[in-house]
Amino acid sequence: MNDESNAHITNYTKKRYIGFVIIAVVVFLVPFLRINGNHLFLLSFDKKELHLLFTAFSTQELYLMPFCLIFFFLFIFFITTLGGRIWCGWACPQTMFRTIFRDLIQTKILGIHKSIANKQTQTQQGFKYVLSIVIFAIIALIAASNLLWFFVPPEDFFAYIKNPSEHKLLIGIVLCFATFLIFDIVLLKEKFCVLFWFFFFWYHLWCG
């Protein structure tokens, strides 16, 4: 019975990892998908355009954008409430980055934890722990850049970073988001979700 339970957990974990890889690949590739110069999705404040399904819209047609953003966040809240375990376990970026940092980098690559099943027990600190943060910092910079590609097209982004002194705001946003991601995943860990929903409900209670 114990072996069957362990096999079920292992199979479930593998499916989650495959799901994470698929989501990561899709999110990474979407900014590069273009037809006739139009992106699958791009909200460019620089060019004042919205690209949706390879169709470009000017800013004069974005009067519905605030309502779309409100609907987007309400949809996330609804999905989280309706299927919280599905969202949190299979699609939440927080879960995916924690899995990358803890399960892949710390456990599988560096062997800091004894096993994935016992993630809280650290057998080694010091150099390996610092190295795990350095490795994740590189991933955080890539993730931050990936997020910016939905607002600054990759072809412009790579041209801009060749002249960092002329695009300090762009570089600053990438570094700030990467720093926040490192702080969240390395230090806050699962507490981030508790703090997020606490401030979310507090804000709507007092300001709603």
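Criteria and cut-off values
- Residue numbers restart at each chain and count upward from 1, following the sequence in its written direction.
- At least 70 in pLDDT is required for a residue's local features to be given in this predicted model, at least 80 for side-chain atom pairs to be given and counted, and no such filter applies to totals for whole chains, interfaces and linings, which use all residues.
- Just so you know, side-chain values use all the structure's heavy atoms and leave hydrogens and water out.
- For this analysis, a nonpolar core means a set of buried residues of the types Ala, Val, Leu, Ile, Met, Phe, Trp, Tyr and Cys, connected via side-chain atoms within 4.5 Å.
- Under the scheme applied here, a residue whose accessible area is under 20% of the maximum for its type counts as buried, over 50% as exposed, and between as partly exposed, the area being computed with a 1.4 Å probe on protein chains only.
- Each helix is a run of H or I in the DSSP string that is no shorter than four residues. Each strand is a run of E no shorter than two, and both are numbered from the N terminus.
- Working rule for contacts: check all heavy atoms of both residues, and any pair within 4.5 Å makes them a contact.
- A pair of aromatic rings is counted whenever rings of Phe, Tyr or Trp (Trp by its six-membered ring) have centres within 6.5 Å, and the orientation is called stacked for planes under 30 degrees apart, edge-to-face for over 60 and tilted otherwise.
- Only residues whose relative accessible area exceeds 30% and that form no salt bridge enter a patch; like-charged residues are grouped when within 9 Å of one another, and nonpolar side chains (Val, Leu, Ile, Met, Phe, Trp, Tyr) when within 5 Å.
- Values of accessible area rely on a 1.4 Å probe in the Shrake-Rupley scheme; residue burial ignores everything except the protein chains shown.
- Each reported salt bridge corresponds to a side-chain nitrogen of Lys or Arg within 4 Å of a carboxyl oxygen of Asp or Glu.
- Note on pairing: two strands pair once DSSP finds at least 2 bridges between them.
- For helices, the fitted axis covers only the stretch in contact; all axes are lines through C-alpha atoms, and the angles between them, taken along N-to-C directions, range from 0 to 180 degrees.
- Each angle receives one of four descriptions, namely roughly parallel if under 35 degrees, roughly antiparallel if over 145, roughly perpendicular if within 65 to 115, and oblique otherwise.
- Should the near helix be turned anticlockwise from the far one by less than a right angle, the crossing is termed left-handed; should it be turned clockwise, right-handed.
- Side-chain classes follow a simple rule in which Ala, Val, Leu, Ile, Met, Phe, Trp, Tyr, Cys and Pro form the nonpolar group, Asp, Glu, Lys and Arg form the charged group, and the remainder, Gly included, forms the polar group.

K.L.:
Got a minute to help me understand the nonpolar core in this structure?
P.N.:
Formed by 20 residues in total, the largest nonpolar core has its most connected members in Phe97, Phe136, Leu148, Phe157, Leu181 and Ile185. Sorting the residues of this core by element identifies helix H4 (93–109), helix H5 (126–148) and helix H7 (168–188) as the ones contributing at least two each. Sequence-distant contacts of phenylalanine 136, that is, excluding residues within four places in its chain, are made with Phe97, Phe101, Ile105, Leu181, Ile182 and Ile185.

K.L.:
Which parts of the structure should I look at to understand the packing of aromatic side chains?
P.N.:
A ring pair, where both rings are aromatic, is described by two values, the distance of the centres and the angle of the planes. Using the criterion set out here, one finds 9 aromatic pairs in the structure. Arranged with centres 5.6 Å apart and planes meeting at 50 degrees, the rings of tryptophan 149 and phenylalanine 158 form a pair that is tilted. Look at phenylalanine 158 and you get partly exposed, because its relative accessible area is 36%. Measuring from centroid to centroid gives 5.6 Å for phenylalanine 157 and phenylalanine 158, while their planes differ by 85 degrees, and the two rings are edge-to-face. Exposure remark for phenylalanine 157: the relative accessible area of 3% places this residue in the buried category. Taken together, the ring pairs in this structure connect Phe28, Phe32, Trp149, Phe157 and Phe158 into an aromatic cluster.

K.L.:
Quick question: what am I supposed to make of unusual backbone geometry here?
P.N.:
With phi around 55 degrees, asparagine 36 is a residue other than glycine that occupies positive phi space. Residue leucine 53 is not a glycine yet carries a positive backbone phi of 55 degrees. Checked against the element boundaries, leucine 53 lands in the loop between strand S4 (49–52) and strand S5 (55–58). In this structure leucine 53 comes out as exposed when scored by relative accessible area, which is 60%.

K.L.:
Which parts of the structure should I look at to understand a nonpolar patch on the surface?
P.N.:
Residues Val21, Val25, Phe28, Leu29, Phe32, Val130, Val134, Ile138, Ile142, Phe158 and Ile161 make up a contiguous nonpolar surface patch of about 920 Å² in total accessible area. Residue assignment for the nonpolar patch shows that the elements contributing at least two residues are helix H1 (2–29) and H5. On the basis of relative accessibility, which here comes to 34%, the residue isoleucine 161 falls in the partly exposed class.

K.L.:
So what exactly am I meant to see when it comes to the sheet that holds S4 here?
P.N.:
Sheets are built from strands paired through backbone hydrogen bonds, the pairs being either parallel or antiparallel. With antiparallel pairing, the 3 strands of this open sheet are ordered in space as S3-S4-S5. For this open sheet the edge positions go to strand S3 (41–44) and S5, each flanked by a neighbour on one side alone. This sheet shows a mean twist of 15 degrees between the axes of neighbouring strands, independent of strand direction. Taken together, the 4 bridges between S3 and S4 define a ladder with antiparallel strand orientation. Residue pairing in the sheet places serine 44 in a bridge with glutamate 49 of S4.

K.L.:
Sorry if this is basic, but what is going on with the packing of H4 against H5 here?
P.N.:
When two helices pack together, their arrangement is given by the angle between the helix axes and by the axis-to-axis distance. Interaxial distance between H4 and H5 falls to 10 Å at its minimum, and their mutual angle equals 140 degrees. One way to sum up the angle between H4 and H5 is to call them oblique. The handedness of the crossing between H4 and H5 is right-handed. Contacts between H4 and H5 involve Phe97, Ile100, Phe101, Ile105 and Gln106 from the first element and Tyr129, Ser132, Ile133, Ile135, Phe136, Ile139 and Ala143 from the second. In the contact of H4 with H5, the residues fall into 10 nonpolar, 2 polar and no charged.

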